[in-house]
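A structural walkthrough
Read off the chains here:
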Amino acid sequence: MSEALKTAGVDNLLQKCMKVKAGTRALIVCEDPALGWYDAGASTLIKAALETLGCSVSTIDVGGPDGPLPENYEAQLAAHDAIVYLARIGDQDRFVDKLPGKTVAMLYARDEKTLKSPYAATSHDAMTALKKAVDAIARASTRVEISCPLGTRLHGNVVMEDEIEGEVSVKRFPLCVPQPVLTRAISGQVALTRWLTPTGSRSYSPAAVPIDGVVMAKVSQGRIAGFDGDRTRIKAIEEHYGRVSDLFGLDKDAIHSWHAGIHPACFYEDDIDADPDRWSNNIFGSPRFLHFHTCGSEPPGEICWMILDPTIAFDGVPLWQDGRLQPQNFAQTAMVLRTWQELPALFSAPRVPVGLPG
């Protein structure tokens, strides 16, 4: 590991993403490392960096997203200007501004190793520029076509929500996905395999359902129109949708939106089967995956479809090709790569582990 990477990720978080200044009252919300999602090293690095910047720093320990919160949790949030979530509860209700006037960041760099990797160190400003360029390409397009090697075939009109400064009230770090594209005007089929996983918005059990082989989900104008494949696998899928939709009062056949990852350095070194929920909610920012937000007509939906190595073409021109972003194919993204000189090397680097064999 280079010396530069040892601090670049934390500096990028605090100075570029959160723009923390001296005198800021900062709170780090730390999930119990024993749960396997975050390690203690990440919070130690961030706390030390905040103190070096001249901030007053507090920490509060929490459990998983479905566990009880400390009695002083809300009071601690109210007493601080900047909040760093090293905890999955930062993802809960992320489309609602729960903490107006505060700077809040949700970390997907969940451990010390990731904070010291190119995933966290790549300039947040550069990734923001790339995200905006990808958003602009989608917004200016009329038609989209989506495919994958397992047989996904979708096509239809591009529909997006109104352009806003941020789609969520919590800053994502690292920034790794563009604004979601709504599905209400696309139809076709989606190849489902390996696992159905949560979107991270709410907690439920079982969190994931295995899919041996491939089941085709039929899509009609942004709604699930049925499944083709082995009846036993389909039964398990349908029962899962029934449980989750009943639990939260959701439209089980609604497919709200989709987006694909834009950060080539997003990696996952563990095996998907060890914890498919953790895998899905870590690797979603990789260009090798497109994910659909399903089971719910409001953002983001509760059940995720993860599509490996997608090809996504806007008005006939691929922006993703076999799981690789193709920024050279559009003027907007090509300009970002010319402006931010660290990005071309990032996009030409060898592929990193994504939790799958091979």
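As shown above, the structure is provided for reference.
Described below are features of the structure shown in this document. None of the values given here were measured: they were computed from a predicted structure.

Another aspect to go through is empty space enclosed by the protein. Enumeration according to the criterion identifies four cavities of 30 Å³ or more in this entry. Considering only enclosed or pocket space, the second largest cavity measures out at about 50 Å³ in volume. In terms of lining, the second largest cavity is formed by Val134, Asp135, Ala138, Pro178, Gln179, Val181, Trp258, His259, Ala260, Phe314 and Trp320. Secondary structure elements with two or more residues in the lining of the second largest cavity: helix 6 (124–140) and strand 12 (255–260). When the residues that make up the lining of the second largest cavity are grouped by side-chain class, the tally is eight nonpolar, two polar and one charged.

Now for the nonpolar core. In this structure, Val29, Ile46, Tyr85, Trp258, Phe292, Trp305 and Phe314 are the most contacted members of the largest nonpolar core, which totals 113 residues. Per-element accounting of this core gives the leading share, seven residues, to helix 6. Beyond its immediate sequence surroundings of up to four residues, Phe292 is in contact with Ile146, Leu154, Thr183, Ile186, Val190, Ile255, Ser257, Trp258, Ile303, Cys304, Trp305 and Ile307.

We now examine the state of the cysteines. One pass over the structure, following the stated rule, counts zero disulfides. For Cys17, which is in no disulfide, the shortest distance to another cysteine sulfur is to Cys176 and amounts to 11 Å. Under the relative-accessibility criterion, Cys17 is labelled buried at 3%.

Take the pairing of strand 3 (residues 82–86) next. For strand 3, the buried fraction is high: five of the five residues fall into the buried class. Side-chain alternation along strand 3 places Ala82, Val84 and Leu86 on one buried face and Ile83 and Tyr85 on a second face that is also buried. In this structure, strand 1 (residues 25–31) lies alongside strand 3, joined through five bridges in parallel fashion. Bridged to Cys30 within strand 3 is Leu86. Here strand 3 pairs with strand 4 (residues 103–107) via four bridges, running parallel. Looking at strand 4, one finds that Val84 is bridged to Ala105.

Scanning the model with the defined rule gives 16 salt bridges in all. A salt bridge links Glu51 to Lys47, with the nearest nitrogen and oxygen atoms 2.6 Å apart. Highlighted residues: Glu51 and Lys47, both in helix 2 (residues 40–52), separated by four residues, approximately one helical turn. Among the charged side chains, a network of salt bridges with common partners joins Arg288, Asp309 and Arg351.

About the criteria used
Residues numbered from 1 in each chain as written. Predicted model: local features only at pLDDT ≥ 70, side-chain atom pairs only at ≥ 80, totals over all residues. Heavy atoms only, no water. 1 Å grid on protein atoms, 1.4 Å probe; cavity = no way out; pocket = protein on both sides within 12 Å on 5 of 7 lines; lining within 4 Å. Points joined across faces, edges and corners; volume = space filled by probe spheres on them. Helix = DSSP H or I, 4+ residues; strand = E, 2+ residues; numbered from the N terminus. Nonpolar A, V, L, I, M, F, W, Y, C, P; charged D, E, K, R; others polar. Core = buried A, V, L, I, M, F, W, Y, C linked by side-chain atoms within 4.5 Å. Buried < 20%, exposed > 50% of the residue type's maximum accessible area, 1.4 Å probe, protein only. Contact = heavy atoms within 4.5 Å. Disulfide = S-S within 2.5 Å. Pairing = 2+ DSSP bridges. Salt bridge = Lys/Arg side-chain N within 4 Å of Asp/Glu carboxyl O.

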